[in-house]
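Listed below, chain by chain, are the residues.
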Amino acid sequence: MLIDLKKIRASGKEEENFSFEYTPTENLVGLPDATISLIKINGTAYLTGRHSAYVEGEISYSITGSCTRCLGATTKDFVVDFNEGLDMNNLEGYKIKNDIIDLTKIVNDRIIMNEPVNFLCRENCKGICVNCGVNLNEESCKCK
Ligand SMILES: [Zn+2]
Ligand SMILES: [Zn+2]
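Being a predicted model, the structure only gives us computed values, none of them experimental.

### With respect to the coordination of the zinc ion (ligand 2)
- The coordination sphere of the zinc ion (ligand 2), as far as protein atoms go, consists of C129 (SG), C132 (SG), C141 (SG) and C143 (SG), spread over 2.3 to 2.4 Å.
- Each of the four donor atoms bound to the zinc ion (ligand 2) contributes to angles spanning 106 to 112°, and the resulting shape is tetrahedral.
- Mapping the donors of the zinc ion (ligand 2) onto the primary sequence gives the spacing C-x2-C-x8-C-x1-C.
- Its relative accessible area of 40% is what places C132 among the partly exposed residues.

### Some points on unusual backbone geometry
- Even without being glycine, L71 reaches a positive phi, approximately 70°.
- Within the fold, L71 resides in the loop between β5 (52-66) and β6 (73-87).
- Unusually for a residue other than glycine, N98 sits at a positive phi of about 50°.
- By secondary structure assignment, the location of N98 is in the loop between β6 and β7 (100-102).

### Regarding the pairing of β6
- With 15 bridges connecting them, β5 and β6 associate as antiparallel partners. Residue I59 lies in a different strand from β6, and its bridge partner there is V80.
- Taking the residues between adjacent antiparallel strands as the criterion, β5 and β6 are bridged by six residues, where L71 takes a positive phi near 70°.

### Topic: the packing of aromatic side chains
- One pass over the structure, following the stated rule, counts three aromatic pairs.
- A ring pair is formed by Y46 and Y54, whose centres lie 6.1 Å apart and whose planes are at 40°; its orientation type is tilted.
- Note on Y46: relative accessible area 24%, which makes it partly exposed.
- Summarising the aromatic geometry, the rings of Y61 and F78 are spaced 5.3 Å apart at their centres and angled 15° between planes, so their arrangement reads as stacked. Taken together, the positions of Y61 in strand β5 and F78 in strand β6 put the pair 17 residues apart, joining distant regions of the chain.
- Residue class for F78 comes out buried when judged on its relative accessible area of 13%.

### Brief notes about the coordination of the zinc ion (ligand 1)
- Around the zinc ion (ligand 1), the protein contributes the donor atoms C67 (SG), C70 (SG), C121 (SG) and C125 (SG), which lie 2.3 Å from the metal centre.
- Counting the intervening residues between successive donors of the zinc ion (ligand 1) yields the motif C-x2-C-x50-C-x3-C. Taken as a pair, C67 in the loop between β5 and β6 and C125 in the segment after α2 (104-113) lie far apart in primary sequence, 58 residues in all.
- Of the residues examined, C125 reaches a relative accessible area of 5% and is grouped as buried.

### Some thoughts on the nonpolar core
- Ranked by size, the top nonpolar core spans 31 residues in total, and within it I41, V55 and L103 carry the most contacts.
- Elements with a contribution of two residues or more to this core: α1 (5-10), β2 (15-22), β4 (39-49), β5, β6 and α2.
- The greatest single-element share of this core, amounting to five residues, is contributed by β5.
- Filtering out sequence-adjacent residues up to four positions away, L103 remains in contact with M1, I3, F18, F20, I41, V55 and F82.

Quick notes on the rules
Residues numbered from 1 in each chain as written. Chains lettered and ligands numbered in written order. Predicted model: local features only at pLDDT ≥ 70, side-chain atom pairs only at ≥ 80, totals over all residues. Heavy atoms only, no water. Donors = N, O, S within 2.8 Å, 3.2 Å for Na, K, Ca; no water. Tetrahedral: all angles 85-135°; square planar, octahedral: opposite > 155°, others 65-115°. Buried < 20%, exposed > 50% of the residue type's maximum accessible area, 1.4 Å probe, protein only. Helix = DSSP H or I, 4+ residues; strand = E, 2+ residues; numbered from the N terminus. Pairing = 2+ DSSP bridges. Phe/Tyr/Trp six-rings, centres within 6.5 Å; stacked < 30°, edge-to-face > 60°. Core = buried A, V, L, I, M, F, W, Y, C linked by side-chain atoms within 4.5 Å. Contact = heavy atoms within 4.5 Å.

What follows is the structure in structure tokens.
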């Protein structure tokens, strides 16, 4: 996921839209037994100076895993915004190297930051009865 600022500059423009599809090589989801779909990234890169740029856009993906409460199979769609100012001379954070922005770390960090604490199949999932193990979304039990 590389954005070449030289190309934007050479085209005489100050901004350029980008779109990427991306399969992460590292595990971005800490939820047990969860997998992430193909990740789609759409956005715009802006030249803000000779050594700086600004990127903004949207990351779309879905996570499939087990509901935290009832353990039922669950898939959820996510759309996460990002915007980041980058500077070649910036020592911390995201950098521009040789006039190229690599979005990989920005995207990975956003997905990790956005991971839900509770991955629920539905807002009001009733979970599993701790006594008898019945899925309380599907049936009720006689436990007190
Ligand atoms: Zn559930
Ligand atoms: Zn029960």
